[in-house]
Protein chains: 2
Amino acid sequence: MGFWKSLFSASEATAGTKPAESERYTTPMMTVGNSRVFFSTDREIDLYELEELCDAVGWSRRPLRKVKKAIQHSFLVVSMWEQRGTQRRLVGFSRATSDHAFNATIWDVVVHPDFQGNGLGKALMRQMIKRLRSEDISNITLFADPQVVEFYRTLGFMSDPEGIKGMFWYPD
Amino acid sequence: MGFWKSLFSASEATAGTKPAESERYTTPMMTVGNSRVFFSTDREIDLYELEELCDAVGWSRRPLRKVKKAIQHSFLVVSMWEQRGTQRRLVGFSRATSDHAFNATIWDVVVHPDFQGNGLGKALMRQMIKRLRSEDISNITLFADPQVVEFYRTLGFMSDPEGIKGMFWYPD
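Residues numbered from 1 in each chain as written. Chains lettered and ligands numbered in written order. Predicted model: local features only at pLDDT ≥ 70, side-chain atom pairs only at ≥ 80, totals over all residues. Heavy atoms only, no water.

(A) Representation of the confidence of the model for chain A. Residue and element names in this part refer to chain A. Averaged over every residue, the pLDDT of chain A is 87; residues scoring 70 or more account for 83%. This stretch, residues 8-23, has a pLDDT under 50; its non-local contacts, to residues over four places away or in other chains, come to 37 contacts. Reported for the predicted complex are a pTM of 0.86 and an ipTM of 0.86. (pLDDT = per-residue confidence, 0-100. Contact = heavy atoms within 4.5 Å.)

Take a look at the structure:
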């Protein structure tokens, strides 16, 4: 109870608007090995390129029509791109749903295997957090597979605070 | 991995639209003790009445401006009303955020103490689940305080399936 209270008695800070509608942003380039990498909140993403990225990490395919709808109705989308000359390649992706006021939930965090182990996953998540915080979201949540719980912990995520459990509905 | 896969390789079922935009619905009256109770998805809720309900269960107050925004940007709102003659009283509330395609997260489940212990909390949650399922949402999630984990379990929610952990972000 104390946990929720501390979250939801949040200040009357300035109301944010949906990032996608107010502005797009790109970050300065980061140099990682031989690659230059940048982030974007533009949600006009080639769905086939996104599918290719998800294939690369072994996710099962999802209907592109539904993926498109989910992106449209996400509060925030952050993608990560490798830039080589004029060529751009999608190398990371994440999105969050939100009520635009209190809560956000991060879904579909993916980094191409060729780009893992360089701190880019963390950089991607930090972009997500920074952006959500700037929109006055006080409660940032996610559901982590066991093998990435530690990764999220290093970013400041806590599992089961005060015994709060993440739960999923299954048909009886 | 198998867990997410089974969720997200969902069928190409008919696309749903945001319930709030497509239709409102009310359920037939239920008789509980001396009261007649019905559910509604209409999100034009008196914010002071909602605050009173949340006060009754001891929640800390939240800025009404943000509560209004959160309701506006929720995918689904289900409220529960006691009807006596022409008088209606708000006795329960719940809402869900969603990407309108794959995932929904249920927040702010509240039942007035006078109406607890009659199965109305379960009826409210069943309305939420039914509605989300009818919109083709395959992954219904929530974060449960320890004292209500068992309540949600009886409704078919599972905690930490395949070790997936609910996580909350805290500043470093």
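(B) Structural context of the packing of helix α3 (residues 47-56) of chain A against helix α4 (residues 64-72) of chain A. All names here are of chain A. For the pair α3 and α4, the least separation of the axes is 11 Å and the interaxial angle reads 100 degrees. Taken together, α3 and α4 sit at an angle that is classed as roughly perpendicular. Across the interface between the two elements, L47, Y48, L50 and E51 of α3 pack against L64, V67, K68 and I71 of α4. For the contact of α3 with α4, the per-class residue count stands at six nonpolar, no polar and two charged. (Axes fitted to C-alpha atoms, helices over the stretch in contact; angles between N-to-C directions. Helix = DSSP H or I, 4+ residues; strand = E, 2+ residues; numbered from the N terminus. Parallel < 35°, antiparallel > 145°, perpendicular 65-115°, else oblique. Nonpolar A, V, L, I, M, F, W, Y, C, P; charged D, E, K, R; others polar.)

(C) Local environment of the pattern of salt bridges. Evaluated as defined, the whole model comprises 24 salt bridges over all chains. Between D108 of chain B and R95 of chain B there is a salt bridge, with its nearest N and O atoms 3.0 Å apart. Taken together, the residues D108 of chain B in strand β5 (residues 103-111) and R95 of chain B in strand β4 (residues 87-98) connect sequence positions 13 residues apart. Taking the shortest distance from any N to any O, the salt bridge between D160 of chain B and K165 of chain B comes out at 3.1 Å. By relative accessible area, D160 of chain B is classed as buried at 17%. Residue K165 of chain B is classed as buried on the basis of its relative accessible area of 18%. Overlapping salt bridges bring together R62, R95 and D108 of chain A together with D99 of chain B as one network. (Salt bridge = Lys/Arg side-chain N within 4 Å of Asp/Glu carboxyl O. Buried < 20%, exposed > 50% of the residue type's maximum accessible area, 1.4 Å probe, protein only.)

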